[in-house]
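Commentary on secondary and tertiary structure
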Amino acid sequence: MQAVVQLRGEVDMRASVEDTLSMLNLHRVNHATLVPETDTYAGMIAKVNDYVAYGEPSLETVKTLVSKRAEPIEGDADVDDEWVAENTDYDDVDALARALYNEETTLRDEGLSPVLRLHPPRGGHQGIKQPQSEGGQLGKQSTGQVDDLLERMR
């Protein structure tokens, strides 16, 4: 599974890149999504590489994202153990997060919005004009770097 976070806006962006971000359910800056590791998604991520940070999050980070930032598609209830038990096939948030992490299900399949609306990172970005290899924050990140970014944006 990959966590993809849009860090740059859509000003002066090619239409094909905008369409790809839309297909990834990334419509605004600081929105994130969880996508499976397939060839299709890998190609889409490669196309929007200059506008997003992505990488494989840890299970703990997925649990935190689901419990704090996931939203039902209908209604405005908090996603907690009670909501998960009533509306999904899982008993609690931990079981749902484990299934998401193992790519057994998706947020949309469980009645949750595929978009995770995040807070801008506390302490600011480490550079959104350069790729990670040049000291920036764009592109492929290690698990620790993705966890740190998502923790600061939770």
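The structure reproduced in this document is the subject of the present report. (Residues numbered from 1 in each chain as written. Predicted model: local features only at pLDDT ≥ 70, side-chain atom pairs only at ≥ 80, totals over all residues. Heavy atoms only, no water.)

Time to look at the packing of helix H3 (residues 59-69) against helix H5 (residues 93-101). Two elements in contact, H3 and H5, have axes separated by 9 Å at closest approach and are oriented at 120°. One element, H3, and the other, H5, form an angle in the oblique class. In this structure, H3 crosses over H5, and the sense of that crossing is right-handed. Contacts between H3 and H5 pair Leu59, Val62, Lys63, Val66 and Ser67 from the former with Val93, Asp94, Leu96, Ala97, Arg98, Leu100 and Tyr101 from the latter. (Axes fitted to C-alpha atoms, helices over the stretch in contact; angles between N-to-C directions. Helix = DSSP H or I, 4+ residues; strand = E, 2+ residues; numbered from the N terminus. Parallel < 35°, antiparallel > 145°, perpendicular 65-115°, else oblique. Left-handed = near helix turned anticlockwise from the far one by under 90°. Contact = heavy atoms within 4.5 Å.)

Overall, mixed pairing links the 5 strands, which are arranged S4-S2-S1-S3-S5 in an open sheet. What marks the edges here is a single partner per strand, and that holds for strand S4 (116-117) and strand S5 (139-140). With 2 bridges connecting them, strand S3 (residues 52-55) and S5 associate as parallel partners. By the bridge assignment, Tyr54 is partnered in S5 with Lys140. (Pairing = 2+ DSSP bridges.)

It is worth spelling out the pairing of strand S1 (residues 2-6) at this point. Looking down a regular strand, the side chains alternate between one sheet face and the other. The buried fraction of S1 is high, at 5 of 5 residues. Residues Gln2, Val4 and Gln6 point to one face of S1 and Ala3 and Val5 to the other, with burial holding for every one of them. Note that S1 and strand S2 (residues 31-35) share 4 bridges and pair antiparallel. Residue pairing across strands places Val4 opposite Thr33, the latter belonging to S2. Here S1 pairs with S3 via 4 bridges, running antiparallel. From the neighbouring strand, Gln6 faces S3, where its bridge partner is Val52. (Buried < 20%, exposed > 50% of the residue type's maximum accessible area, 1.4 Å probe, protein only.)

Within H5, burial applies to Val93, Ala95, Leu96, Ala97, Ala99 and Leu100. Tucked inside the fold, the buried residues of H5 contact H3 and helix H4 (81-87). A positive phi of about 60° marks Glu103, the residue just after H5.

Tracing the chain through its elements places Leu107 in the loop between H5 and S4. A residue is classified by how much of its surface remains accessible, and Leu107, at 5% relative accessible area, is buried. When the C-alpha atoms of Leu107 and Ile73 are compared, they prove to be 9.6 Å apart, with 34 residues separating the residues in sequence. Here Leu107 is in contact with Leu34, Leu100, Leu112, Ser113, Pro114 and Leu116, once residues within four sequence places are set aside.

For the rest of this paragraph, the subject is the side chain of Lys63. Position of Lys63 relative to the elements: it lies in helix H3. When sequence neighbours within four positions are dropped, the list of residues in contact with Lys63 reads Val93, Asp94 and Ala97.

Looking now at the nonpolar core. Looking at soluble globular proteins, one finds that nonpolar side chains tend to be buried together. Of all hydrophobic cores here, the largest spans 30 residues; its most connected members are Val5, Leu34 and Val66. Mapped onto this core, the elements with two or more residues apiece are S1, S2, H3, H4, H5 and helix H6 (143-153). Take this core: its biggest share by element is 6 residues, from H5. Contact partners of Val5, with chain neighbours within four places excluded, come to His31, Ala32, Tyr51, Val52, Ala53, Leu118, Leu149, Leu150 and Met153. The next biggest cluster of nonpolar side chains, apart from the first, holds 13 residues, and it includes Met13, Leu21, Ile45 and Tyr54. (Core = buried A, V, L, I, M, F, W, Y, C linked by side-chain atoms within 4.5 Å.)

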